[in-house]
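Structural overview for review
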Amino acid sequence: MIKFLDLQKINLVYQQEIEDRLLSTFRSGWYLLGNEVSNFENNLKNYIGTPQAIGVANGLDALRLIFRAYIEMGIMKAGDEVLVPSNTYIASMLAISDNGLVPVLVEPEMDTYNIDSSEIESKITSKTKAILLVHLYGRVVFSEALTTIADKYDLKIVEDNAQAIGASWNGLKAGNLGDAAGFSFYPGKNLGALGDAGAVTCKDEELAKTIRAIANYGSNQKYINIYKGLNSRLDEIQAGVLDVKLKYIDAENQYRREIAARYIQEINNDQIIKPEMPADPNEHVWHLFVIRTSDRDKLQKHLLDQGIQTLIHYPIPPHQQAAYAEWNQLSFPKSERIHNEVLSLPISPVMTKEEIALVIQNLNDYN
Ligand SMILES: *Cc1c(COP(=O)(O)O)cnc(C)c1O
């Protein structure tokens, strides 16, 4: 059986180093907001290139906290609109609507699955305050045109960088392209913890300070509460594990790129639409390798019969979810098509050459 993602195998590569960190935190008696978190925050901000990094409880909170801080700072208010790609994972939308802001859906491009910049300007109103750029499947979306639009309409650029840690655009890392970025370290992400974890990176010190306070009961100083805050902190244990794995993320992402290059070169079946390798390969870290085909369920069953696990990212578009009943009548044909046709193949830093070859062979044999 070729698993879609073998988390045990992925983490056992670093068994000794991770166990040493876990044991040292266990023995230290200090479990929250200590040296492991500040150390990881420092290493993360150096890696991403931003002056600020804040560890938080998970990726959804990272994004929620960014918008919440903008509201507390008077930069946004309830009812303001945020543009977001219509085919993203629902967490991107939840981070917006949870703050009383209104997600405005924008269709993606079919060849990158990322937000279509040419669709953005027509969606901007006097209430638009931000664009939430989602680097979906690990591919960066950014351009001069995007910055020009953001400048022209005075919009914040927030990055949902849950899937693209380590990717870069023109030498700048994802997470350092806009005003602020949310990261997820959910176990299955390219940099995965042993449970939930997340982070925010940003440029503005005031924004970072506000996020830090909101995430800690709205307090900068014990028992002095300036915001109606949350409890969203990164655990010392998770920070230690992430700090170990951060050292290896570039090597792991490079191996993912090599798998993607092989899939792109060697899968040759007319029924399968493959993703493209960006002209600059650094723009993609291949969190997911997503193909499309007209009879997706048949292909998924064929692969499973051959012992190959695949997943669908994602089966139902956000605008057709019961949670967003107000959107159920809207139509986003590109997103709908994507959701009907996509299939994610196994890709990971621990896949063997034999496993890669088997996936390719079974796709080429399919008809
Ligand atoms: C995983 C993910 C999130 C949420 O992260 P969690 O850590 O699971 O809360 C947000 N956006 C995208 C695009 C994701 O893939």
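The paragraphs below set out a description of the structure included in this document. This one's a predicted model, so the numbers in the text were calculated from it and none came from an experiment.

Close to the ligand lie Asn58, Gly59, Leu60, Tyr89, Ala91, Val134, Asp160, Ala162, Gln163, Ser184 and Lys189. Taking glutamine 163, its side chain carries an N or O atom lying 2.7 Å from an oxygen atom of the ligand. The separation between an oxygen atom of the ligand and a polar side-chain atom of lysine 189 is 3.1 Å. Given that more than half its atoms are within 2 Å of the pocket grid, the ligand belongs to the largest pocket. Class assignment for the residues of the shell around the ligand results in five nonpolar, four polar and two charged.

Here the focus is empty space enclosed by the protein. Summary: where empty space remains is shown by rolling a probe the size of a single water molecule over the atoms. By the definition in use, this model includes two cavities of 30 Å³ or more. In this structure, the largest cavity encloses a volume near 70 Å³. Asp111, Thr112, Tyr113, Tyr137, Arg139, Pro275, Glu276, His284, Trp286, Leu288 and Val290 together form the lining of the largest cavity. Among the residues making up the lining of the largest cavity, the classes are represented as six nonpolar, two polar and three charged. Lining of the second largest cavity is provided by Leu5, Leu7, Ile10, Pro187, Gly188, Lys189, Asn190, Gly192, Lys245, Glu252, Arg256 and Pro349.

Attention shifts here to the nonpolar core. Residues Phe67, Leu132, Tyr263, Leu345 and Leu363 are the most contacted members of the largest nonpolar core, which totals 66 residues. In terms of residue count, helix H4 (residues 59-72) provides more of this core than any other element does, seven residues in total. Setting aside its immediate chain neighbours within four residues, leucine 345 contacts Phe4, Tyr263, Ile267, Phe289, Ile291, Leu303, Thr310, Val359 and Leu363. In terms of nonpolar packing, the next biggest core, distinct from the first, is built from 22 residues, Val106, Val140, Leu155 and Trp169 among them.

Between histidine 313 and the following residue, tyrosine 314, the backbone shows a cis peptide bond with an omega angle of 10 degrees. By secondary structure assignment, the location of tyrosine 314 is in the loop between helix H10 (296-305) and helix H11 (333-341). Located in the positive-phi region is tyrosine 223, a residue other than glycine, with phi close to 70 degrees. Assignment of secondary structure puts tyrosine 223 in the loop between strand E10 (219-221) and strand E11 (224-225). A residue is classified by how much of its surface remains accessible, and tyrosine 223, at 71% relative accessible area, is exposed.

The next thing to look at is the pattern of salt bridges. This model, assessed by the stated rule, comprises 17 salt bridges. Across the pair arginine 64 and aspartate 61 runs a salt bridge, and its minimum N-O distance is 2.6 Å. In this pair, arginine 64 and aspartate 61 are both assigned in helix H4, three residues apart and thus about one turn of the helix distant. By relative accessible area, which is 8% here, aspartate 61 ends up buried. Across the salt bridge formed by glutamate 276 and arginine 139, the nearest N and O atoms sit 3.7 Å from each other. Placement of glutamate 276 in the loop between helix H9 (249-266) and strand E12 (289-292) and of arginine 139 in the loop between strand E4 (128-134) and helix H6 (144-153) is noted, with a sequence separation of 137 residues between them. Given the relative accessible area of 11%, arginine 139 is considered buried. Bridged by salt links that share partners, the residues Arg21, Glu36 and Asp243 form one connected network.

Most of strand E3 (residues 102-106) sits inside the fold, with four of its five residues counted as buried. For strand E2 (residues 81-85) and E3, the ladder comprises five bridges, and the chain directions are parallel. Considered in E3, the bridge of valine 84 is made with leucine 105. Read from E2 through helix H5 (residues 90-97) to E3, the crossover connection turns out right-handed.

Bringing the sheet that holds E3 into the picture now. What links the strands of a sheet is backbone hydrogen bonding, and the strands pair in either a parallel or an antiparallel sense. On the basis of which strands lie adjacent, the open sheet formed by seven strands has the order E1-E9-E8-E5-E4-E2-E3 and mixed pairing. In this open sheet, the two strands that pair with only one neighbour each are strand E1 (52-56) and E3. Direction aside, neighbouring strands of the sheet carry axes that sit 20 degrees apart on average. Against the sheet, helix H3 (residues 35-48) contacts E1, strand E8 (180-184) and strand E9 (198-202), and its axis sits at roughly 130 degrees relative to E1. Lying on the sheet, helix H7 (residues 205-214) is in contact with E1, E8 and E9; it crosses E1 at an angle near 15 degrees.

A few words on the packing of aromatic side chains. Counted under the stated rule, the structure contains nine aromatic pairs. A ring pair is formed by tyrosine 14 and tyrosine 248, whose centres lie 4.5 Å apart and whose planes are at 10 degrees; its orientation type is stacked. Note that tyrosine 14 is positioned in the loop between helix H1 (7-12) and helix H2 (15-28) and tyrosine 248 in the loop between helix H8 (236-246) and H9, a separation of 234 residues in sequence. Overall, tyrosine 14 belongs to the buried group, its relative accessible area being 10%. Of the aromatic side chains, those joined through ring pairs into one cluster are Phe40, Phe183 and Phe185. Above the plane of the ring of tyrosine 47 lies lysine 173, whose end atom (NZ or CZ) is 4.1 Å from the centre.

Conventions and cut-offs
- Residues numbered from 1 in each chain as written.
- Predicted model: local features only at pLDDT ≥ 70, side-chain atom pairs only at ≥ 80, totals over all residues.
- Heavy atoms only, no water.
- Near = heavy atom within 4 Å.
- Polar contact = N/O pair within 3.5 Å; in protein donor to acceptor, adjacent residues only side chain to side chain.
- 1 Å grid on protein atoms, 1.4 Å probe; cavity = no way out; pocket = protein on both sides within 12 Å on 5 of 7 lines; lining within 4 Å.
- Sits in = over half its atoms within 2 Å of the grid points.
- Nonpolar A, V, L, I, M, F, W, Y, C, P; charged D, E, K, R; others polar.
- Points joined across faces, edges and corners; volume = space filled by probe spheres on them.
- Core = buried A, V, L, I, M, F, W, Y, C linked by side-chain atoms within 4.5 Å.
- Buried < 20%, exposed > 50% of the residue type's maximum accessible area, 1.4 Å probe, protein only.
- Helix = DSSP H or I, 4+ residues; strand = E, 2+ residues; numbered from the N terminus.
- Contact = heavy atoms within 4.5 Å.
- Salt bridge = Lys/Arg side-chain N within 4 Å of Asp/Glu carboxyl O.
- Pairing = 2+ DSSP bridges.
- Right-handed = clockwise from strand over helix to strand, strands pointing away.
- Axes fitted to C-alpha atoms, helices over the stretch in contact; angles between N-to-C directions.
- Phe/Tyr/Trp six-rings, centres within 6.5 Å; stacked < 30°, edge-to-face > 60°.
- Lys NZ or Arg CZ within 6 Å of the ring centre and 35° of its normal.

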